[in-house]
Amino acid sequence: MKHLFTSEEMRPSAKTIFFIKQLAYTYRAFKKNELQGVLCQLGSRTLTNKKNRKTIKMKTIVSPSLLSANFIDLKSDVEMINKSEADWLHMDIMDGVFVPNISFGFPVLEAVAKACTKPLDVHFMILHPEQYIEQTAKTGAMMMNVHYEACTHLHRTIQQIHAAGMKAGVTLNPSTPVSVLEDIICDVDMVLLMSVNPGFGGQKFIENTIQKTARLRKLIKESGSQALIEVDGGVQGETAPRLVKAGVNVLVSGSYVFKSKDPLATIHSLKELEQIED
Ligand code: DX5
Ligand code: ZN
């Protein structure tokens, strides 16, 4: 009998590989009892166990940012993420134009994608992110976040991200109000609120993000959108509980996780924060 994918004509397309990767992520999450992580990915916030009629409180999705990892030994940090309770891995791509810094590009993204067992949450801080949708999808990334301020035709870009088989996130700089999302909120899977000006790790948290989160939560609820709320920048032990209390579903954390003495314990402490119910 001919084995699957051994002959030329049966070689899987990039889309098939992506689909298999997504299935593998879901299977691994179920296997590790991270059912809530999977449901959160799908936009559900609470889960009722029909057998004992208990409502299981959802925990927060944690997405450590690789920007603060040890770049001379990325392998060890990716392995730490693999065995941690982190739900996703956040990867920051910068172009030195949209933001005043350059981080890493596709060679690093592709290498990490091969070694990382967690879904990738990729944050593009670049102009014209639409030029890189196909290339990003080919890495198997789960989520592509693009900046509202960098996209002239945001609706089209979101459609293209979905057509490439990824979840679509729209990111807002600290000075951009939530109200600009009114006409797109039902089309996106996630809104990423920047709680620092994008470009660098280890900056001070901008306090207005707490009120901004509450405004976004209201917009999501009133519009019937299923979008998750993610916050990025200055997320640490003091700000994280307040953000979750305000309605944040996904915490990105770079320096607080990677520079801590015990990154696994730090991730666990963020993971323990329980989601609020509407
Ligand atoms: C900054 C990046 C962040 C950064 C956050 O522009 O988008 O993801 O890594 O770093 P911390 O958590 O250290 O503020
Ligand atoms: Zn980021």
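Scroll up to find the structure.
Residues numbered from 1 in each chain as written. Chains lettered and ligands numbered in written order. Predicted model: local features only at pLDDT ≥ 70, side-chain atom pairs only at ≥ 80, totals over all residues. Heavy atoms only, no water.

Let us look at the nonpolar core. Counting 62 residues, the largest nonpolar core has L66, L120, L216 and L251 as its most contacted members. The residues touching L216, leaving out its near neighbours within four places in the chain, are V178, L181, I185, V191, L193 and I229. (Core = buried A, V, L, I, M, F, W, Y, C linked by side-chain atoms within 4.5 Å. Buried < 20%, exposed > 50% of the residue type's maximum accessible area, 1.4 Å probe, protein only. Contact = heavy atoms within 4.5 Å.)

Attention shifts here to the coordination of the zinc ion (ligand 2). Here the zinc ion (ligand 2) is held by the protein donor atoms H90 (NE2), D92 (OD), H123 (ND1) and D232 (OD), which lie 2.0 to 2.3 Å from it. For the zinc ion (ligand 2), the 6 donor atoms are set out with angles of 69 to 168° between them, so the coordination reads as octahedral. Read in sequence order, the donor residues for the zinc ion (ligand 2) give the motif H-x1-D-x30-H-x108-D. You can call H90 buried: its relative accessible area is 0%. (Donors = N, O, S within 2.8 Å, 3.2 Å for Na, K, Ca; no water. Tetrahedral: all angles 85-135°; square planar, octahedral: opposite > 155°, others 65-115°.)

Surveying the vicinity of ligand 1 reveals 19 residues, the closest of which are S65, G199, D232, G254 and S255. Residue H123 places a side-chain N or O atom 3.3 Å away from an oxygen atom belonging to ligand 1. Here an oxygen atom of ligand 1 sits 2.8 Å away from a polar atom, N or O, in the main chain of G234. Protein coverage of the free-state accessible area of ligand 1, which is 380 Å², stands at 100%. Mapped onto the shell around ligand 1, the elements with two or more residues apiece are strand 4 (89-94), strand 5 (120-125) and strand 10 (250-253). Split into classes, the residues belonging to the shell around ligand 1 amount to 6 nonpolar, 11 polar and 2 charged. (Near = heavy atom within 4 Å. Polar contact = N/O pair within 3.5 Å; in protein donor to acceptor, adjacent residues only side chain to side chain. Areas by Shrake-Rupley, 256 points an atom, 1.4 Å probe, with all protein chains shown as cover. Helix = DSSP H or I, 4+ residues; strand = E, 2+ residues; numbered from the N terminus. Nonpolar A, V, L, I, M, F, W, Y, C, P; charged D, E, K, R; others polar.)

Inspection of every chain in the model, using the stated rule, returns 3 aromatic pairs. An angle of 55° between the planes, with centres 6.0 Å apart, marks the rings of F71 and F104 as tilted. Here the residue F71 occupies a position in the loop between strand 3 (61-64) and helix 3 (74-83), and F104 occupies one in the loop between strand 4 and helix 4 (106-115), the gap between them amounting to 33 residues. Given a relative accessible area of 7%, F104 falls into the buried group. (Phe/Tyr/Trp six-rings, centres within 6.5 Å; stacked < 30°, edge-to-face > 60°.)

This paragraph deals with helix 6 (residues 154-163). A turn of α-helix holds 3.6 residues, and therefore any two residues three or four places apart point the same way. Along helix 6, the residues that are buried comprise L154, T157, I158 and I161. Down the axis of helix 6, the buried side of the element spans an arc of 100°, and every buried residue falls inside it. As for helix 6, its buried residues are in contact with helix 5 (133-138), strand 6 (143-147) and strand 7 (167-172). Just downstream of helix 6, G165 is the residue with a positive phi angle, here 95°. (Arc of directions from axis to C-beta.)

Moving on, we get to the pairing of strand 10. In strand 10, alternate side chains face the same way, and those of V250 and V252 on one face and L251 and S253 on the other are all buried. Across 4 bridges, the pairing between strand 3 and strand 10 is parallel. The residue of strand 10 that forms the bridge with V62 is L251. Pairing of strand 9 (residues 228-232) with strand 10, which is carried by 3 bridges, proceeds in the parallel orientation. Considered in strand 10, the bridge of E230 is made with V250. (Pairing = 2+ DSSP bridges.)

So, about the sheet that holds strand 6. Within the open sheet, the 8 strands sit side by side as 3-10-9-8-7-6-5-4. Their pairing is parallel. Unpaired on one side and paired on the other, strand 3 and strand 4 mark the two borders of the sheet. Direction aside, the axes of adjacent strands within the sheet are offset by 25° on average. As paired elements, strand 7 and strand 8 (residues 190-194) share 4 bridges and run parallel to each other. (Axes fitted to C-alpha atoms, helices over the stretch in contact; angles between N-to-C directions.)

Turning to the side chain of N249, a few remarks are in order. Structurally, N249 is set in the loop between helix 8 (239-246) and strand 10. Judged by relative accessible area, which is 0%, N249 ranks as buried. From its side chain, N249 meets the backbone nitrogen of I229 in a polar contact 2.8 Å long.

This paragraph deals with the environment of A69. Structurally, the position occupied by A69 is in the loop between strand 3 and helix 3. Relative accessible area serves as the criterion here: at 8%, A69 is assigned to the buried category. A69 sits 189 residues away from F258 along the chain, and the two C-alpha atoms are 5.6 Å apart. Apart from residues lying up to four places away in sequence, A69 is in contact with L74, D77 and F258.

Next up on the list: the pattern of salt bridges. Scanning the model with the defined rule gives 6 salt bridges in all. Taking the shortest distance from any N to any O, the salt bridge between E79 and K75 comes out at 3.6 Å. Of this pair, E79 and K75 both sit in helix 3, separated by 4 residues, roughly a single helical turn. E79 sits in the partly exposed class, given a relative accessible area of 43%. We classify K75 as exposed; its relative accessible area is 60%. (Salt bridge = Lys/Arg side-chain N within 4 Å of Asp/Glu carboxyl O.)

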